[in-house]
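# Geometric and topological summary
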Amino acid sequence: MGTDLHSLLRSLRVWAPESTTLPPFDPATTPTTPLPLFTEWFAEAVAAGQPEPHTMSLATSDADGRPDVRTVMLHGADAAGWSFATHSTSRKGHHLTARPYAALGFYWPVLGRQVRLRGPITAAPSAESQSDLHARSTGALAAALTGRQSQVLGSVEELREASEAAWAQAQHTPDAPVPTWTLYHLAPDEVEFFQGDAQRRHVRLVYGRTGSGWTRSLLWP
């Protein structure tokens with residue numbers, strides 16, 4: 001018999017006490033800008049044992065406004081914005097060229113927390129993008145050298161051969177350039193911090209960028 005999806009869904013719990021701690025969150029004590037709070041929450045997710053806390057959903061849209069989403073890795077967050085990287089020739093790279101505005105979403109269920117951001121995208125200069133790539137692992141360089149991201153693949157064997165050649169190049173030439181590899185910065189117009197609550201009185205704190213800084217406001221859950 002096949003899996004009964006609806007029965008399976010009804011059997012699942014969200015924020016089960018044995019795997020989730022819902023810490024109190026007082027928005028009145030938060031900093032005036034979002035980055036320090038993000039850094040604090042990120043460190044707490046790491047300390048709480050959240051698997052892969054540096055992964056995030058990236059939402060883009062194509063030239064016709066049709067949305068797309070995928071999971072990528074955070075490369076950093078600073079005054080330039082929240083950063084990630086991909087080939088400029090990939091699907092998301094084409095999206096970001098056509099519509100340089102995107103959204104990011106972090107979900108850390110071990111603490112019942114989400115962080116959502118949206119804002120304009122800028123591409124870093126080539127030297128910064130290459131420096132970002134070469135600071136990563138040999139495997140990351142090999143994957144970048146394999147290239148052709150989002151293009152149609154003829155067979156698994158074709159991928160294996162291209163990957164083996166890329167691994168050999170990455171190991172032999174660890175500073176090999178990948179011209180299409182691009183580091184992107186999202187400078188948020190809005191950042192929302194969501195803290196789950198067992199009584200469903202979830203706290204949603206939103207930072208909105210203004211000409212002179214940031215505003216803070218609460219949203220109904």
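Structure first, text after, so check above.
First, a word on scope: everything that follows refers to the structure included in this document. (Residues numbered from 1 in each chain as written. Predicted model: local features only at pLDDT ≥ 70, side-chain atom pairs only at ≥ 80, totals over all residues. Heavy atoms only, no water.)

## Describing the overall build of the protein
Of the regular secondary structure elements, the protein holds 6 helices and 10 strands. With the C-alpha coordinates of the protein rotated into their principal frame, the extents come out at 60 × 55 × 40 Å. The buried share of the protein, taken over its 221 residues, is 35%. For the protein, the share of sequence-separated contacts (at least 6 apart) that also reach a separation of at least 24 residues comes to 64%. Summed over all atoms, the accessible surface of the protein reaches about 12800 Å², with 56% contributed by carbon and sulfur. Across the protein, the mean location of the 18 positive side-chain charges is 7 Å away from that of the 21 negative side-chain charges. (Helix = DSSP H or I, 4+ residues; strand = E, 2+ residues; numbered from the N terminus. Buried < 20%, exposed > 50% of the residue type's maximum accessible area, 1.4 Å probe, protein only. Contact = heavy atoms within 4.5 Å. Areas by Shrake-Rupley, 256 points an atom, 1.4 Å probe, with all protein chains shown as cover. Lys, Arg positive; Asp, Glu negative; His and termini not counted. Charge placed at Lys NZ, Arg CZ, Asp CG, Glu CD.)

## Description of the pairing of strand E8 (residues 190-195)
Looking down a regular strand, the side chains alternate between one sheet face and the other. The buried fraction of E8 amounts to 5 of the 6 residues, a majority that puts the element mostly inside the structure. In this structure, strand E6 (residues 113-123) lies alongside E8, joined through 6 bridges in antiparallel fashion. Counterpart to Leu-117 in the pairing with E8 is Val-191. As paired elements, E8 and strand E9 (residues 203-209) share 6 bridges and run antiparallel to each other. Of the residues in E9, the one forming a bridge with Glu-192 is Val-206. (Pairing = 2+ DSSP bridges.)

## A short note on the pattern of salt bridges
By the definition in use, this model includes 11 salt bridges. For Arg-66, the salt bridge identified is with Asp-64, shortest N-O distance 3.8 Å. Here Arg-66 matches Asp-64 in class, with each residue exposed. A salt bridge links Arg-160 to Glu-164, with the shortest nitrogen-to-oxygen separation between them at 2.6 Å. With Arg-160 and Glu-164 both in helix H6 (residues 156-172) and 4 residues apart, the pair spans about one turn of that helix. On the accessibility criterion, Arg-160 (37% relative accessible area) is partly exposed. (Salt bridge = Lys/Arg side-chain N within 4 Å of Asp/Glu carboxyl O.)

## Comments concerning the layout of surface pockets
Roughly 250 Å³ of volume is contained in the largest pocket. Looking at the largest pocket, it is lined by 15 residues, and the ones nearest its centre are Ala-85, Arg-136, Ala-143, Gln-149 and Trp-181. Elements with a contribution of two residues or more to the lining of the largest pocket: strand E2 (67-73), strand E4 (81-87) and helix H5 (138-146). Element by element, the count of residues in the lining of the largest pocket is highest for H5, at 4 residues. (1 Å grid on protein atoms, 1.4 Å probe; cavity = no way out; pocket = protein on both sides within 12 Å on 5 of 7 lines; lining within 4 Å. Points joined across faces, edges and corners; volume = space filled by probe spheres on them.)

## Quick word on the environment of Phe-194
Turning to its location among the elements, Phe-194 is positioned in strand E8. Residue class for Phe-194 comes out buried when judged on its relative accessible area of 12%. For the pair formed by Phe-194 and Leu-205, sequence separation is 11 residues and the distance between their alpha carbons is 6.5 Å. Apart from the residues lying within four places of it in its own chain, the contact partners of Phe-194 are Trp-15, Trp-41, Gly-112, Arg-113, Gln-114, His-202, Val-203 and Arg-204.

## Things to note about the environment of Thr-55
Inspection of the secondary structure puts Thr-55 in strand E1 (residues 55-61). Residues Thr-55 and Gln-195 lie 140 residues apart in sequence; the distance between their C-alpha atoms is 18 Å. When neighbours within four sequence positions are excluded, Thr-55 is seen to be in contact with Thr-71, Val-72, Met-73 and Phe-106.

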